[in-house]
Amino acid sequence: MHFGNRTMKKNSIFMEEWWLDCVTEGKIEFINYTHSNKLNIKLPIYKIKNLGMTSISMPPYTRTLSPQFDIPESKPFKKGQNIRRLVEGLVQNIPNYSNFRLSFDPHDETLFAFELEGFNISNQSTFQYDFNVDLEDVWNNLDQKTRNLIRTTDKLLEIRIENSIDSFIFLSKKQRNEESTHNYKLLEEICRQCLLRDQLVTVVAYKGHIPVAASIVIWGENIMYFWQSARDTNFSYAGANSLLLWECMKLASSMGKILDFDCYGSVSSAKFLAGFGLYPISRPTVYKYTPCYGIMKEVKRLFPGWN
């Protein structure tokens, strides 16, 4: 048997069932479809209701979800045909929804099949450091400004690896004050579950005994994620985040894992990540919504305070 997307289950912590159960507080569902007793596909879904409309969307703190499928080994055309058959059957089994929006793994093989089923595909970029590439080569490819920031900040701050998220929570609350959208109770439970499985550490930059920046990294079998970060904006260490990301790359290299930089939320963040000299890769989003949901979406865009 050739296991098509089974690498997703191996590579991504977000596809592990304990993770999905934890972040959704047991509300995750799995859609299954079998064709001819030999082709199988499974997709986890998380449903949210708003104004009477059902959305199938990403669970909290989860970056990617992709269908997992099992198909017999075959030539490229037959493989593609089997994937299309599975996705067609899977789509028919998805419960009624007004909005479907999931971020798929960059290397997902079902995108074309979803497109044929009337779904739309958009892309955001992320960056990945492959541990097979020598860190010295990566260092030489860094933007000169990024290298200088890391060198300078490394002399001012001490890096510690911690088996808790206490420093992150402390800095996050200080940084965001009352504006934080974090669910700290859920974050602490995710941390507890990850630590039980040895799948999380926090990389913390200290000035003396005071933490000034922290990044939580989590991992599955092969991929590590630069997952959450926070810093004390009262400290003027412009290179703290660069130093933390570089330390996470070193950690990933030592553990034999790919480090995913986990996309970005602004143009400035994108330029910051691009300073590490890696090529961007696409993280696709698969989406589809009803005309009624589209109208609501447009109204919200025009009137941001409307609920």
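From a predicted model like this one, the values you see are computed outputs, not experimental measurements.

Draft legend 1. Representation of the packing of helix 7 (residues 166-176) against helix 8 (residues 184-196). Orientation of helix 7 relative to helix 8, taken along the N-to-C sense of each, is 160°, at an axis distance of 11 Å. When the axis of helix 7 is compared with that of helix 8, the two are roughly antiparallel. Read as a crossing pair, helix 7 and helix 8 show a hand that is right-handed. Along its contact with helix 7, which presents Phe168, Ile169, Ser172 and Lys173, the element helix 8 presents Tyr184, Leu187 and Glu188. For the contact of helix 7 with helix 8, the per-class residue count stands at four nonpolar, one polar and two charged.

Draft legend 2. Structural context of the packing of aromatic side chains. Applying the stated rule across the entire model yields 15 aromatic pairs. The interplanar angle of 70° and the centroid separation of 5.7 Å between the aromatic rings of tryptophan 19 and tryptophan 227 together place this pair among those described as edge-to-face. Here tryptophan 227 lies in strand 10 (residues 223-231) and tryptophan 19 lies in helix 2 (residues 17-23), a separation of 208 residues in the sequence. Note on tryptophan 19: relative accessible area 0%, which makes it buried. Aromatic side chains phenylalanine 261 and phenylalanine 276 sit 5.9 Å apart centroid to centroid with 85° between the ring planes, which places their arrangement in the edge-to-face category. Note that phenylalanine 261 is positioned in the loop between strand 11 (258-260) and helix 10 (267-274) and phenylalanine 276 in the loop between helix 10 and strand 12 (280-289), a separation of 15 residues in sequence. Accessibility assignment for this pair places phenylalanine 261 and phenylalanine 276 in one class, buried. Grouping aromatic residues by their ring pairs yields a cluster made of Phe14, Trp18, Trp19, Tyr61, Tyr225 and Trp227. The side chain of lysine 42 reaches across the aromatic face of phenylalanine 30, ending 5.1 Å from its centre. Taking the ring centre of tyrosine 206 as reference, the NZ or CZ of arginine 160 above it sits at 3.8 Å.

Draft legend 3. Examining the pairing of strand 12 more closely. Inspection of the sheet shows strand 5 (residues 99-103) paired to strand 12 by five bridges, in the antiparallel sense. What sits directly across from serine 103, in strand 12, is threonine 285. Where strand 6 (residues 120-129) meets strand 12, eight bridges bridge the pair, whose relative direction is antiparallel. Bridging across to strand 12, threonine 126 finds its partner in isoleucine 281.

Draft legend 4. Highlighting the pattern of salt bridges. Enumeration over the complete set of coordinates arrives at ten salt bridges. The salt bridge involving glutamate 17 is made with lysine 42; its shortest N-O contact spans 3.2 Å. Separated by 25 residues along the polypeptide, glutamate 17 in helix 2 and lysine 42 in strand 2 (residues 39-50) bring together distant segments of the chain. Exposure remark for glutamate 17: the relative accessible area of 42% places this residue in the partly exposed category. Lysine 79 is paired through a salt bridge with glutamate 109; the nearest N and O atoms lie 2.7 Å apart. Here lysine 79 is found in helix 3 (residues 76-93), whereas its partner glutamate 109 is found in the loop between strand 5 and helix 4 (111-116), with 30 residues between them in sequence.

Draft legend 5. A look at the nonpolar core. Residues Trp19, Ile190, Ile218 and Trp227 are the most contacted members of the largest nonpolar core, which totals 54 residues. Considering every element that reaches this core, the biggest residue donor is helix 8, with six residues. In terms of nonpolar packing, the next biggest core, distinct from the first, is built from 32 residues, Phe127, Leu135, Phe226 and Ala240 among them.

Draft legend 6. Spatial organisation of helix 11 (residues 291-302). Under the 1.5 Å per step criterion, the end-to-end length of helix 11 is 17 Å for twelve residues, consistent within 8% with the ideal 16 Å. Within the span of helix 11, buried status applies to Tyr293, Gly294 and Met296. The buried residues of helix 11 all sit within an arc of 160° when viewed along its axis, so they share a single face. Looking at helix 11, the residues exposed on the side facing more than 90 degrees away from the buried face are Pro291 and Ile295. On its buried face, helix 11 is in contact with strand 2, strand 3 (53-57), strand 5 and strand 12.

Conventions we followed
Residues numbered from 1 in each chain as written. Predicted model: local features only at pLDDT ≥ 70, side-chain atom pairs only at ≥ 80, totals over all residues. Heavy atoms only, no water. Axes fitted to C-alpha atoms, helices over the stretch in contact; angles between N-to-C directions. Helix = DSSP H or I, 4+ residues; strand = E, 2+ residues; numbered from the N terminus. Parallel < 35°, antiparallel > 145°, perpendicular 65-115°, else oblique. Left-handed = near helix turned anticlockwise from the far one by under 90°. Contact = heavy atoms within 4.5 Å. Nonpolar A, V, L, I, M, F, W, Y, C, P; charged D, E, K, R; others polar. Phe/Tyr/Trp six-rings, centres within 6.5 Å; stacked < 30°, edge-to-face > 60°. Buried < 20%, exposed > 50% of the residue type's maximum accessible area, 1.4 Å probe, protein only. Lys NZ or Arg CZ within 6 Å of the ring centre and 35° of its normal. Pairing = 2+ DSSP bridges. Salt bridge = Lys/Arg side-chain N within 4 Å of Asp/Glu carboxyl O. Core = buried A, V, L, I, M, F, W, Y, C linked by side-chain atoms within 4.5 Å. Expected span 1.5 Å × (residues − 1). Arc of directions from axis to C-beta.

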